[in-house]
Amino acid sequence: MPRAVITGWGKCVPPLRLTNADLEQLCDTSDEWIVERTGISERRISHVEATDLAELAGRRALACAGVDAADLDLIVVASCTPEILCPTMAAMLEERLGAANAAAFDLNAACSGFAYSTSVVTGMIESGFARKVLVVGAEKLRFIMDYRDRSTCILFGDGAGAAVFEASGSDECGDGAGVLSVDLGADGDQGKTMVWTHMGSKGDPSRTIDPDDARLHFEGQAVFKIAVQGIAGSASRALERAGLTADDVDLVVPHQANARIIESATRRLRIDPDRVFTNIAHHGNTAAASIPMALHDALDEGRISPGDLVVLTAFGGGVTWGSVVLRWGDRVEPLGAYEGELPPTDATVFDLLQPNLDFFAPEG
Ligand code: ACO
């Protein structure tokens, strides 16, 4: 049976930075509080759509893998802030990338989207349905942020990350490399702890858009506890399924929700901090994009070596959780690079946030 091996990785972050000092001007918060409670110093805010971020991350991952888009069998985009619902972002990428032979669909499991997508494509590769797959996590979370609400707006940022998965069996993949086990789960009973009601078919077409439906709500402390338990439990089950223990793990690449959630969950797993990758300080929580962005940065910083055992683990709205145990292949360097960039912008970060401020919290 072929295994699903990651052979390409890419990331796209928009250029505008929203720092903690900027947020101090918008709501009653402080750099000190945000850093101490979350580990976040800044996050990126997008001047383009989520599909544009996804396209560039995808092109970079394909160049890294040396894979031609025409050879892709499948494109999956994980997102909870898709640009539109239909056509899907994956179908738009199929056209933009020229992936004429690929099936395409979007998947929404909130912050667990990349772990869920990896599990789905692993099954498709192992069954022989697909040999080359592009998975992208992409989010424009600023769309649902009320920047006067300090309980949510400090956490989230925009961005995209991508990975190319290929069926093992080629020299490129390395012996024994690929996804070894997965664990997925959900608990709809806890769904009320993270809610965003606007972008669905709830109600009648004539309904007006109530800002209260369009902003993200969550119960921070409840989510914190569920996340720590969810990540630790899910990663343990995935390791056990692979016949491995925490001692075998070289690197955990967790969903970047909050540095304290990552610390508590990995302490429960008995994995010391030097085997845990974080980039939350500069990106915040980018939901489905966070694991592929972190994976890219871990490789870029030389934190993954050939043959390493890597655990991806996430927790998100729904509530959902998912973990993937994989053995890295022989290659940790990109085969190529895509030189394209996002279109430049003259806007300031405050220009971009003004529509949110006008909609969610108009002055007076
Ligand atoms: N700045 C300053 N003070 C603040 C802020 C802020 N941004 N936010 C809250 N406070 C205050 C509170 O009002 C409270 O004050 P009080 O003691 O006078 O009442 C105090 O700080 C402590 O508040 P807590 O809510 O207890 O702070 P906590 O340490 O729990 O941190 C946080 C809050 C960061 C939201 C944390 O609970 C968390 O990260 N939860 C997880 C959220 C998450 O990851 N969600 C992602 C899922 S979303 C998705 O899947 C799409």
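To start, this report covers the structure provided alongside it. Remember, it's a predicted structure, so these values are computed and weren't measured experimentally.

The subject of this paragraph is the site of the ligand. Near the ligand, the surroundings consist of 24 residues, among which Thr 29, Arg 37, Gln 221, Asn 258 and Arg 260 are the closest. One of the side-chain N or O atoms of Arg 37 is found 2.7 Å from an oxygen atom in the ligand. Here the ligand has 1000 Å² of accessible area as a free molecule, and 74% of this is covered by the chains. Elements that contribute at least two residues to the shell around the ligand include exactly helix H2 (31-38), helix H7 (220-241) and helix H8 (259-268). Of all the elements, H7 adds the most residues to the shell around the ligand, at four residues. Looking at the shell around the ligand, its residues break down into twelve nonpolar, eight polar and four charged.

With respect to topology, four strands assemble into an open sheet ordered E8-E13-E12-E11, the strand pairing being mixed. The open sheet terminates on both sides in strands that have one partner only, identified here as strand E8 (178-186) and strand E11 (251-254). Each strand axis lies, on average, 15° off the axis of its neighbour in the sheet, ignoring direction. The sheet contact formed by E11 and strand E12 (residues 309-316) spans four bridges and is parallel. Bridge pairing in E12 places Pro 254 opposite Thr 313. Set on the sheet, H7 makes contact with E8, E12 and strand E13 (320-327); between it and E12 the angle comes to about 145°.

Attention now goes to the sheet that holds strand E1 (residues 4-12). An order of E1-E7-E6-E4-E5 is seen for the five strands of this open sheet, with the pairing classed as mixed. Two strands in the sheet have a free side with no partner beyond their single neighbour: E1 and strand E5 (103-107). Neighbour to neighbour, the strand axes of the sheet diverge by 15° on average, direction disregarded. Of the strands in this sheet, strand E4 (74-78), E5 and strand E6 (132-139) are in contact with helix H4 (residues 89-97), which crosses E4 at around 130°.

Below, the discussion takes up the environment of Thr 51. Relative to the helices and strands, Thr 51 resides in helix H3 (residues 50-65). With near-sequence residues (within four places) excluded, Thr 51 lies in contact with Glu 83, Met 89, Met 92, Leu 93 and Arg 96.

Basis of the calculations
- Residues numbered from 1 in each chain as written.
- Predicted model: local features only at pLDDT ≥ 70, side-chain atom pairs only at ≥ 80, totals over all residues.
- Heavy atoms only, no water.
- Near = heavy atom within 4 Å.
- Polar contact = N/O pair within 3.5 Å; in protein donor to acceptor, adjacent residues only side chain to side chain.
- Areas by Shrake-Rupley, 256 points an atom, 1.4 Å probe, with all protein chains shown as cover.
- Helix = DSSP H or I, 4+ residues; strand = E, 2+ residues; numbered from the N terminus.
- Nonpolar A, V, L, I, M, F, W, Y, C, P; charged D, E, K, R; others polar.
- Pairing = 2+ DSSP bridges.
- Axes fitted to C-alpha atoms, helices over the stretch in contact; angles between N-to-C directions.
- Contact = heavy atoms within 4.5 Å.

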